[in-house]
Amino acid sequence: MSTYIDQQDGVFPSVCSLDCPDQCGLLVHKEKGKIVKIAGDPNHPVTKGNICNKVRNMAERIYDTKRLTTPLKRVGAKGEGSFEPISWEEAISIITSNWKQMIATSGPESILPYSFYGNMGNLSAEGMDRRFFHHMGASLLERTICTAAGSAGYKYTMGGSIGTDPEDTVDTQLFIFWGINAVSTNMHQVTLAQQARKKGAKVIVIDVHKNQTGRSADWFIPILPGTDSALALGMMHILFAEHKVDQAFMEQYTVGHEQLREHVKQYDPATVSAITGVPVDDLYRLTRMYGDASPSLIRIGNGLQHHDNGGMNVRTITCLPAITGQWLVRGGGAIKSNTFQLSFNEEALQRPDLLINRNTRSFNMNQLGRVLLEESEPVQSLYVYNSNPAVVTPESSKVRQGLAREDLFTVVHDLFLTETAKYADIVLPATSAFENTDFYASYWHHYMQIQQPVIARYGESKSNTEVFRLLATAMGYEEQALQDSDEQLIRQALDHPANPALKPITYDSLVQHQYVKADRQYIFPDRLPTPSGKIELYSKDMERDGLPPLPTYTPLQEQGTHPYIFVPGPNHNFLNSTFSNNAKHIGLEKTPKLFMNTTDAQNAGIEDGDWVTVWNERGSCELLATVGEHVLPGVVVSQGLWADTDNNQATHLVNALTPDRLADMGGGATFFSGRVDVMKKSS
């Protein structure tokens, strides 16, 4: 394994661990054993040395004086943040003795893990943790907070997360960035679009907010939140009516195109314009540009799936390149997520076979507040890692009320005393990604990468895999699967004959080359993993599951309850709650803002630069009003998940306002389908 740790000075290969599609190749510069600079790897075939501010300033996070160095035990009230240091031996003993007692009296399902992808390393996010909790028989967590709805909609149509190779998009002639602030969340797709732009390509952005990506486009099209499927259906109406479809492609590679042709006749331009806020003339212009350009690419973002109708939004847009035949054109088609080619052996890594009780109860992570407060057989212990639910989870006020339960034994494994950790009984210090062994599979490009430890452990911090091995031993679990080394875990995950695209990628090839590309030739367009083997414009599976089998527009649920649809999107310098407590990144982002239309602001007596209270029946927060034409009337947009203030007041907690109901597909979150009122903050 790596000897990088032993080398005090030099430049060492690495990979970005953040939950971002770009997954950049990195070069870490060390002096006297400490990281002094993080740069992009210019030899990486996709990211080519360019990195964002978040990663460039990562060393400040790693060496932040607030970083945890030892295990902690709570000595004050929950949420207060009062702890005393203890040893790892004592921490493990306290945790496992509590768990053993709970299992004996209430069964293992009284224990619930809560995690997501705060670290995108596959071992850190879904390795030994899954094995441990499967063997224990703990309650299962449905990890659906991010892409679940859109992934389900895409899968109904395409069979899996299969998209255009980003490297091919240098030849694309028309880019449509739909519901994605790519400048902040997929910067290298923007770079590729700019390269194509120099050769004459056009860039269109469709979004609810004229963010950095919208401002950089050739044409920005504002749209009302949650109406994306209606816009796509209106485009289909015109494409069929004006014969801008590829009949031969549809006949060979799709099912349901005849039904779709008839179905979209009801989505005429006037009807669609009234729903979406997109003028009729713009609808025609957009559709004709899309129908005439080749290759054309739609980059489907995460934002439009965080609605009540999020799965259908993505499914409907996904049908567009099928009816125009763009999937056969190099640089054409769509990208929502590209995980299919890099799919590894999840069963070998996660070992679901260790779960003896197949009827173990399961909870959706988006409804953690309900889970902690309303279950008749209460969750008695929560183990949190790679996540900060007190900030990121919908209806956060309800979540915090649940975390404050005195009878809830909570353990948090993190780098910092996060908002969630302040409610914990035991806090464990976590390693950063640069201190771990792990492997990474991008969900945008087609390269897998390896992380070998670059620096020594910070204080007494430990990795997820190491902690779960310690917990397994202390619980008396003797299975070898719970003691496998990190190298063994990686080798097991990459042994996956069912995915021939993964053949070039092995543990040894990753160690030798740092990054290796999947073999794409096995996938598209005539071997799709749908029931028919084709693109399913009409889906019998959706019909069976009680969903409309053809793309259909359904309005959002909270109609008329409050005057504004509230969209709490990401900002440029945080990633969810990561970096929101770091002084450098706070300084870069400056202030939590609320973007508001000029007409709405005037009617509410709000001026640019006023502090406003944003509220609904779920909670409230305070943001700085930015008034202009960034959003349509009736829409307000915030950016970023801001940390609690020093006095633990959640002044800017936007997720206090977001609903915890589930999307139409996949159990996804509906962050962007809530409604709010806004008033000028009283002095």
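Residues numbered from 1 in each chain as written. Predicted model: local features only at pLDDT ≥ 70, side-chain atom pairs only at ≥ 80, totals over all residues. Heavy atoms only, no water.

S.K.: Talk me through the pairing of strand β9 (residues 202-207); I want residue IDs and the actual numbers.
M.R.: Judged by how many residues are buried, β9 sits mostly within the fold: 5 of 6 residues are covered. Where strand β8 (residues 174-178) lies against β9, 5 bridges are found, and the strand directions are parallel. Residue pairing across strands places Trp178 opposite Ile206, the latter belonging to β9. Pairing between β9 and strand β10 (residues 219-222): 4 bridges, direction parallel. Within β10, the residue paired with Ile206 across the bridge is Ile221. (Buried < 20%, exposed > 50% of the residue type's maximum accessible area, 1.4 Å probe, protein only. Helix = DSSP H or I, 4+ residues; strand = E, 2+ residues; numbered from the N terminus. Pairing = 2+ DSSP bridges.)

S.K.: Before we move on, could you go through the pattern of salt bridges and cite the residues and values that matter?
M.R.: Proximity of charged atoms lets side chains of opposite charge pair with each other. Tallied over the entire structure, the rule returns 35 salt bridges. Close ionic contact of Lys517 with Asp165 constitutes a salt bridge, the shortest N to O distance being 2.8 Å. In this pair, Lys517 is assigned in strand β20 (residues 515-517) and Asp165 in the loop between α6 (148-158) and β8, connecting sequence segments 352 residues apart. When its relative accessible area of 27% is taken as the criterion, Lys517 is described as partly exposed. Asp660 is the salt-bridge partner of Lys398, the closest N and O atoms lying 3.6 Å from each other. In this pair, Lys398 is assigned in helix α19 (residues 396-403) and Asp660 in the loop between β26 (635-639) and β27 (674-680), connecting sequence segments 262 residues apart. The burial state of Lys398 is the same as that of Asp660; both residues are buried. Each member of the salt-bridge network shares a partner with another, and the members are Asp308, Glu558, Glu617, Arg618 and Arg661. (Salt bridge = Lys/Arg side-chain N within 4 Å of Asp/Glu carboxyl O.)

S.K.: Break down the packing of helix α10 (residues 228-241) against helix α13 (residues 269-276) for me, with residues and values.
M.R.: Angle between the axes and distance between the axes are the two parameters that describe a pair of packed helices. Following both chains from N to C, one finds α10 and α13 inclined at 165°, their axes separated by 9 Å at the closest point. As summarised for this structure, α10 and α13 are arranged roughly antiparallel, according to the angle between their axes. Remark: the crossing between α10 and α13 carries left-handed chirality. On the side of α10, the interface is formed by Ala230, Leu231, Gly234, His237 and Ile238, while α13 contributes Pro269, Val272, Ile275 and Thr276. Taken together, the residues of the contact of α10 with α13 sort by class into 6 nonpolar, 3 polar and no charged. (Axes fitted to C-alpha atoms, helices over the stretch in contact; angles between N-to-C directions. Parallel < 35°, antiparallel > 145°, perpendicular 65-115°, else oblique. Left-handed = near helix turned anticlockwise from the far one by under 90°. Contact = heavy atoms within 4.5 Å. Nonpolar A, V, L, I, M, F, W, Y, C, P; charged D, E, K, R; others polar.)

S.K.: Any chance you could break down the side chain of Ser442 for me, citing the residues and the numbers?
M.R.: Mapping Ser442 onto the fold places it in the loop between β18 (438-441) and β19 (447-451). Its relative accessible area of 1% is what places Ser442 among the buried residues. There is a polar contact of 3.0 Å between the side chain of Ser442 and the backbone nitrogen of His445. (Polar contact = N/O pair within 3.5 Å; in protein donor to acceptor, adjacent residues only side chain to side chain.)

S.K.: Please provide a residue-by-residue account of the packing of helix α3 (residues 88-106) against helix α20 (residues 464-475), values included.
M.R.: Close contact between α3 and α20 brings their axes to 10 Å; oriented N to C, the two are set at 55°. Relative to α20, the element α3 is oriented oblique. The chirality of how α3 crosses α20 is right-handed. Here Trp88, Ile92, Ile95, Thr96, Trp99, Lys100 and Ile103 of α3 lie close against α20, whose contacting residues are Val467, Leu470, Leu471, Ala474 and Met475. Class assignment of the residues belonging to the contact of α3 with α20 gives a composition of 10 nonpolar, 1 polar and 1 charged.

S.K.: Describe in detail the pairing of strand β17 (residues 426-429), supporting the description with residues and values.
M.R.: Within a regular beta strand, the side chains point alternately toward one face of the sheet and then the other, so they alternate between its two faces. Side chains Ile426 and Leu428 of β17 all project onto a buried face; the interleaved residues Val427 and Pro429 project onto the opposite face, where all are buried too. Bridge analysis of strand β4 (residues 72-74) against β17 gives 2 bridges, and the strand direction is antiparallel. Each residue of the ladder has a partner; that of Lys73, found in β17, is Ile426.

S.K.: Provide a residue-level description of the side chain of Glu419, including the pertinent values.
M.R.: If you trace the backbone, Glu419 turns up in the loop between β16 (409-414) and β17. For the buried Glu419, which has no salt bridge, the nearest side chain bearing the opposite charge is Arg400, at an N-O separation of 5.4 Å. Only 2.9 Å separates the side chain of Glu419 from the side chain of Asn388, close enough to count as a polar contact. In contact with Glu419, other than residues within four places in its own chain, are Asn388, Ala390, Val391, Arg400, Ala643 and Asp644. (Lys, Arg positive; Asp, Glu negative; His and termini not counted.)

S.K.: Mind laying out α6, listing which residues take part and the relevant values?
M.R.: For an α-helix the count is 3.6 residues per turn, leaving residues at separations of three or four pointing the same way. When you tally the buried positions in α6, you get 9 out of 11 residues, the bulk of the element. Of all the positions in α6, only Ala148, Ala149, Gly150, Ala152, Gly153, Tyr154, Tyr156, Thr157 and Met158 are classed as buried. If you follow the buried residues of α6, they end up packed against β12 (296-300), α15 (310-323), β13 (333-335), β21 (535-536) and α23 (540-544). One or two residues past the end of α6 sits Gly159, with phi positive at roughly 90°.

S.K.: Describe the sheet that holds β9, listing the residues and the values that go with them.
M.R.: Strand order in the open sheet formed by 5 strands is β10-β9-β8-β12-β13, and the pairing between neighbours is parallel. This sheet does not close on itself; its edge strands, each paired only once, are β10 and β13. Neighbour-to-neighbour, the strand axes of this sheet turn through a mean angle of 20°, independent of strand direction. The sheet contact formed by β12 and β13 spans 3 bridges and is parallel. Across the sheet, the residue bridging to Ile298 is Ala334, located in β13.

S.K.: Talk me through the sheet that holds strand β25 (residues 619-628); I want residue IDs and the actual numbers.
M.R.: Around the barrel, 6 strands lie side by side as β22-β26-β23-β25-β24-β27; this closed barrel has mixed pairing. The sheet shows a mean angle of 45° between the axes of neighbouring strands, direction not considered. As paired strands, strand β22 (residues 564-569) and β26 are joined by 5 bridges and run parallel to one another. Across the sheet, the residue bridging to Gly569 is Gln639, located in β26.

S.K.: Could you give me a rundown of the environment of Asn364, with the residues and numbers involved?
M.R.: In this fold, Asn364 is placed in strand β14 (residues 362-364). Among the residues examined, Asn364 registers a relative accessible area of 7% and is labelled buried. Separated by 221 residues in the primary sequence, Asn364 and Arg143 have C-alpha atoms spaced 6.8 Å apart. In this structure Asn364 touches Glu142, Thr144, Leu662 and Gly667, once residues within four positions along its chain are discounted. Within polar-contact distance, the side chain of Asn364 engages the backbone nitrogen of Asn366 at 2.8 Å. There is a polar contact of 2.9 Å between the side chain of Asn364 and the backbone oxygen of Gly667.

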